[in-house]
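Structural overview for review
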Amino acid sequence: MSKISDFRSDTITKPTPEMRQAMAEAVVGDDVLGDDPTVQELERLAAKTMGKEAGLYVPTGTMGNAIAVKGWTQELDEVIVEARSHIYNMESTHMTFIARVNPRPLPSFRGAMDPEEVKRNIKEASVHHPRTSLICVENTHNNWSGAIVPLENLQNIRGLADQRGLKIHFDGARIFNASVASGVPVMEYAAVADSLMFCLSKGLSAPIGSMLVGPQSFIDHGRRLRKALGGGMRQVGVLAAAGLLAMTKMVDRLADDHVRAKRLARALSEFPEIDLDPELVDTDIVIFGFHHPRLSVTDFLARLKEKGILALPVPQGIRFVTSKEVDDSDVDHAIQSFQQILSEAS
Ligand SMILES: *Cc1c(COP(=O)(O)O)cnc(C)c1O
């Protein structure tokens, strides 16, 4: 069988042999009854790593974000979100479905919203208007090709939130990618937010799981919300054991993914059919436009698949994501396949 190179997502990362071992040996209890020691250890580690009081293990990042929005808002409130953000576009409308709040999408420069624009959109409640109660930020920014949102921009938004008494929820699904690539400690990013969610299942190889961290009272309430959403899990230390290794052993190697993404981006940007500035690839996500007189994005992805290259379409074109499941030979395989398909089709 020919080689398969899977660039669809960093969620495809499989548990390492060490994780499988730790999962087999995990000490477990009933976490809904509050006695799974492995989950408790993971929740403590997550909180400590991010400089927050408490942590909550959730099955998905989406559930973590949904709990945070519900936890910080009242029905009829408004929440400021970035227009291309995951929480607004990719989470099946939980803001309106669960928290029953109105999202207010704002434009940005590569994920960084202009603080003046944020300020203009903060509303006091009136008979016409919802009250703004929460601002959501995302870093790295998935749909801005994994862009790192600068710490200074986030600090400016924090300043505004403080002036106006608003909360900030940080979608840090890939906060470790931001930290590894920028050198800014995760705790400094987390300090701008009241709550933060990060994923163990992206790039870090845990089979499932995300962490929500924040103040103790928020997490206590979040534990009730998690149960209400069907996310109370029993001997889930089996999975938390892999999460502990994701946090302690898998973070530093994210730098390799970033190097490969950059190399891929540099090579792909040479093709005239591809609209991509490799200097704007900060981390593990490479999003580019594809324009060809005879091949649509769908046709091109199908040709790539015939050659064993897997990637996904996005509104801007095509997305490639590097992870520990692809190595330098997969990057070469992708570049060669682009060359072959584009020369055959010319
Ligand atoms: C993946 C992702 C999430 C959460 O996704 P789940 O698949 O529900 O774990 C949230 N935010 C961003 C930016 C993401 O990329």
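Residues numbered from 1 in each chain as written. Predicted model: local features only at pLDDT ≥ 70, side-chain atom pairs only at ≥ 80, totals over all residues. Heavy atoms only, no water.

1. Quick look at the sheet that holds strand S10 (residues 285–290)
An order of S9-S10-S13-S12 is seen for the 4 strands of this open sheet, with the pairing classed as antiparallel. Every other strand in the sheet has two partners, leaving strand S9 (274–275) and strand S12 (312–314) as the edge strands with one partner each. Note that S9 and S10 share 2 bridges and pair antiparallel. Note that in S10 the partner of Asp-275 across the bridge is Gly-289. (Pairing = 2+ DSSP bridges. Helix = DSSP H or I, 4+ residues; strand = E, 2+ residues; numbered from the N terminus.)

2. A look at the side chain of His-258
Here His-258 lies in helix H12 (residues 254–268). For His-258, the residues in contact, after removing those within four places along its chain, are Asn-177, Val-180, Ala-181, Asp-282, Thr-283 and Asp-284. (Contact = heavy atoms within 4.5 Å.)

3. A look at the packing of aromatic side chains
Inspection of the entire model under this criterion finds 10 aromatic pairs. Relative to Phe-300, the ring of Phe-290 lies with its centre 4.2 Å away and its plane at 15°, an arrangement referred to as stacked. Taken together, the residues span a long stretch of sequence, with Phe-290 in strand S10 and Phe-300 in helix H13 (residues 297–306) at a distance of 10 residues. Assessed through its relative accessible area of 0%, Phe-300 is described here as buried. Three or more aromatic residues link up through ring pairs in this structure, and these residues are Phe-7, Phe-271, Phe-288, Phe-290, Phe-300, Phe-320 and Phe-338. (Phe/Tyr/Trp six-rings, centres within 6.5 Å; stacked < 30°, edge-to-face > 60°. Buried < 20%, exposed > 50% of the residue type's maximum accessible area, 1.4 Å probe, protein only.)

4. A few points about the site of the ligand
Around the ligand sit 13 residues, and of these Gly-61, Thr-62, Asp-171, Arg-174 and Lys-202 come closest. Here a nitrogen atom of the ligand and a side-chain polar atom of His-86 are 3.4 Å apart. In isolation the ligand has 380 Å² of accessible area, and contact with the protein removes 85% of it. Among the elements that line the shell around the ligand, the one with the most residues is helix H3 (residues 61–72), at 3 residues. (Near = heavy atom within 4 Å. Polar contact = N/O pair within 3.5 Å; in protein donor to acceptor, adjacent residues only side chain to side chain. Areas by Shrake-Rupley, 256 points an atom, 1.4 Å probe, with all protein chains shown as cover.)

5. Observations concerning the nonpolar core
By size, the foremost hydrophobic cluster in this structure holds 52 residues, and its most contacted members are Ile-135, Phe-176 and Phe-198. Counting residues per element, this core draws most heavily on helix H11 (residues 237–249), which supplies 6 residues. Within the second largest apolar cluster, 28 residues are counted, among which are Phe-290, Leu-295, Leu-301 and Leu-304. (Core = buried A, V, L, I, M, F, W, Y, C linked by side-chain atoms within 4.5 Å.)

6. Examining the domain arrangement of the protein
In terms of domains, the protein is made up of domain 1 (5–12 + 253–345) and domain 2 (17–249). The centre of domain 1, based on its C-alpha atoms, is set 28 Å off from the matching centre of domain 2. With 17 residues of domain 1 at the interface, the matching set in domain 2 holds 19 residues. Taken together, both faces of the contact between domain 1 and domain 2 bury some 1600 Å²; the carbon and sulfur share is 47%. Summed over the three residues of domain 1 that lose the most area to domain 2, namely Asp-10, Leu-254 and Asp-282, the buried surface amounts to 33% of that side. Salt-bridge contacts for Arg-110 lead to Asp-282; the nearest nitrogen and oxygen are separated by 3.7 Å. (Domains from an automatic or database assignment. Buried area = accessible area lost by both parts, 1.4 Å probe. Salt bridge = Lys/Arg side-chain N within 4 Å of Asp/Glu carboxyl O.)

7. Some thoughts on the pattern of salt bridges
Per the stated rule, a full pass over the model turns up 23 salt bridges. Of the charged contacts, one joins Asp-77 and Arg-131 as a salt bridge, the two residues approaching to 2.7 Å between their closest N and O atoms. With Asp-77 in the loop between H3 and strand S3 (78–82) and Arg-131 in the loop between helix H6 (115–120) and strand S5 (132–138), this pair connects stretches of sequence that are 54 residues apart. Exposure remark for Arg-131: the relative accessible area of 37% places this residue in the partly exposed category.

8. As for the packing of H13 against helix H14 (residues 328–344)
Packing of H13 against H14 brings their axes to within 10 Å, and their N-to-C directions diverge by 125°. Judged on the interaxial angle alone, H14 and H13 are oblique. The crossing of H13 and H14 is right-handed. Here Phe-300, Arg-303 and Leu-304 of H13 come into contact with H14, specifically with Ser-337, Phe-338, Ile-341 and Leu-342. Across the contact of H13 with H14, the residue classes break down as 5 nonpolar, 1 polar and 1 charged. (Axes fitted to C-alpha atoms, helices over the stretch in contact; angles between N-to-C directions. Parallel < 35°, antiparallel > 145°, perpendicular 65-115°, else oblique. Left-handed = near helix turned anticlockwise from the far one by under 90°. Nonpolar A, V, L, I, M, F, W, Y, C, P; charged D, E, K, R; others polar.)

9. Examining H13
Among the residues of H13, those classed as buried are Phe-300, Leu-301 and Leu-304. For H13, the arc enclosing every buried residue in end-on projection is 100°, short of the 170-degree limit, so these residues lie on one face. For H13, exposure combined with an orientation more than 90 degrees from the buried face picks out Thr-298, Lys-305 and Glu-306. Buried-residue contacts for H13 involve S10, strand S11 (309–310), S12, strand S13 (317–321) and H14. Positioned one or two residues after H13, Gly-308 has a phi angle of 90°, which is positive. (Arc of directions from axis to C-beta.)

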